[in-house]
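Residue strings, one per chain:
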Amino acid sequence: MIQSAFKILMLLQVLFPTTSFAETITQIDAEGDVQLNLPEVCQTLPADIVSTSLRREASDYVVDMEMSQIVDPNAGYKEYYFWLDLNHDRTRGYQPYLSNSVTWPDLFANYKIFYSVNAGVVPPFTLPKERIRLQNCHDTNCAFDSDLHSSEEISVSIFANVVSFRWRAGLLPELEKTKNIRVGYSSYYELLECNGEDNSPEWGEPALQIKKPKSAPSAF
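For clarity, every value in this text was computed on a predicted model and none was experimentally measured.

Cut-offs applied
Residues numbered from 1 in each chain as written. Predicted model: local features only at pLDDT ≥ 70, side-chain atom pairs only at ≥ 80, totals over all residues. Heavy atoms only, no water. Helix = DSSP H or I, 4+ residues; strand = E, 2+ residues; numbered from the N terminus. Buried < 20%, exposed > 50% of the residue type's maximum accessible area, 1.4 Å probe, protein only. Contact = heavy atoms within 4.5 Å. Pairing = 2+ DSSP bridges. Disulfide = S-S within 2.5 Å. Lys, Arg positive; Asp, Glu negative; His and termini not counted. Salt bridge = Lys/Arg side-chain N within 4 Å of Asp/Glu carboxyl O. Core = buried A, V, L, I, M, F, W, Y, C linked by side-chain atoms within 4.5 Å. Phe/Tyr/Trp six-rings, centres within 6.5 Å; stacked < 30°, edge-to-face > 60°.

Helix and strand counts for the protein chain come out as two helices and 16 strands. Evaluated residue by residue, the protein chain yields a buried proportion of 46% over its 220 residues. Considering only intrachain contacts with a sequence separation of at least 6, the fraction spanning at least 24 residues in the protein chain is 66%.

This is the structure we're talking about:
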């Protein structure tokens with residue numbers, strides 16, 4: 001009986017991974033799982049997510065997306081973004097992307113936080129243009145990017161192969177109240193004739209879950 005219970009517990013941890021919101025625990029994503037438009041030609045994988053993390057640092061929230069390659073902002077078009085499900089409201093939350101092809105079946109997003117950098121997809125490349133956007137999926141239709149609004153309250157930095165997002169507490173009010181965050185990450189690139197996309201977790205898998213500890217530290 002003890003062995004059976006242990007096996008069930010281990011299975012639940014695999015199916016529904018959780019982390020403590022107060023500490024940095026890296027969620028690993030499979031390497032080499034980018035969906036490429038021309039897999040026989042496009043061998044580089046600048047959109048390949050290999051790990052992610054969401055944590056609280058004093059009065060800031062930080063999201064890190066680690067890629068398999070160094071992120072070069074000076075070549076091509078790239079997107080890095082994620083969806084936050086903070087209150088699991090099925091009546092108002094948005095499910096990426098289509099009802100018959102849902103990315104994460106248990107995620108009903110409140111917010112989309114989006115970053116892109118564009119230096120052009122063909123040489124000669126131009127000075128890269130960055131966009132940082134925020135969308136409230138309860139107030140707008142997150143099926144359309146037209147309601148992504150510029151946000152100076154979110155900063156994005158690139159450190160070699162890590163894209164790091166940071167924003168002050170209070171920007172997303174539901175984030176202060178929730179005890180269980182669901183999050184899904186996506187990336188996209190386009191260069192010459194090649195484009196590719198990666199999702200973490202993969203399509204059809206449960207979203208990543210991050211739970212606040214029962215006794216929250218003073219930082220919260």
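Counting buried residues along strand β4 (residues 49-57), eight of its nine residues qualify, which places the element largely inside the surrounding structure. Sheet analysis places strand β2 (residues 27-28) next to β4, joined by two bridges and oriented antiparallel. Within the sheet, the bridge partner assigned to I28 lies in β4 and is S51. Direction of pairing for β4 relative to strand β5 (residues 60-67): antiparallel, over a ladder of eight bridges.

Here the focus is the state of the cysteines. Considering all chains together, one arrives at two disulfides under this definition. Paired through a disulfide, C42 and C194 show a sulfur-sulfur distance of 2.0 Å. Disulfide C42-C194: the torsion about the S-S bond is -90°, which places it as left-handed. With C42 in the loop between β3 (35-36) and β4 and C194 in strand β15 (residues 194-200), the pair connects residues that are 152 residues apart, well separated along the chain. Per residue, the accessibility class of C42 equals that of C194, and both read buried. Across the disulfide from C137 sits C142; the S-S distance is 2.0 Å.

A few words on the side chain of K78. Checked against the element boundaries, K78 lands in strand β6 (residues 77-85). The charged side chain of K78 is buried without a salt bridge, its nearest counter-charge being D72 at 6.0 Å. Filtering out sequence-adjacent residues up to four positions away, K78 remains in contact with V71, D72, Y115, S116, V117, Y188 and Y189.

Okay, the sheet that holds β2 next. Read across the sheet, five strands follow the order β2-β4-β5-β13-β12 without closing on themselves; strand pairing throughout is antiparallel. Edge positions in the sheet fall to β2 and β12 (154-159), since each of these pairs with one other strand and no more. Pairing geometry for β5 and strand β13 (residues 162-168), over seven bridges, is antiparallel. Within β13, the residue paired with Y61 across the bridge is W167.

Before going further, it helps to spend a moment on the nonpolar core. F82, L84, I113, F165, W167, L172 and Y185 are the most contacted members of the largest nonpolar core, which totals 29 residues. Counting residues per element, the ones that place at least two in this core are β4, β5, β6, β9 (111-118), β12, β13, β14 (180-191) and β16 (208-211). By size, the runner-up hydrophobic cluster in this structure holds 13 residues, among which are Y81, W83, A109 and A207.

This brings us to the packing of aromatic side chains. Summed over all chains, the structure comprises nine aromatic pairs. Ring geometry for F82 versus Y185: centroids 5.8 Å apart, planes at 45°, classification tilted. With a gap of 103 residues between them, F82 in strand β6 and Y185 in strand β14 connect regions that are remote in the sequence. Neither F82 nor Y185 differs from the other in exposure class; each is buried.

Moving on to the pattern of salt bridges. This structure, assessed with the given rule, holds eight salt bridges. Of the charged contacts in the structure, one is a salt bridge between R166 and D60, with a shortest N-O distance of 3.1 Å. Of this pair, R166 sits in strand β13 while D60 is found in strand β5, placing the two residues 106 residues apart along the sequence. Given a relative accessible area of 13%, D60 falls into the buried group. Several salt bridges converge on common partners, so that one network encompasses R55, E57, D60, D64, R166 and R168.

Limitation: the analysis is restricted to geometry and does not speak to function.
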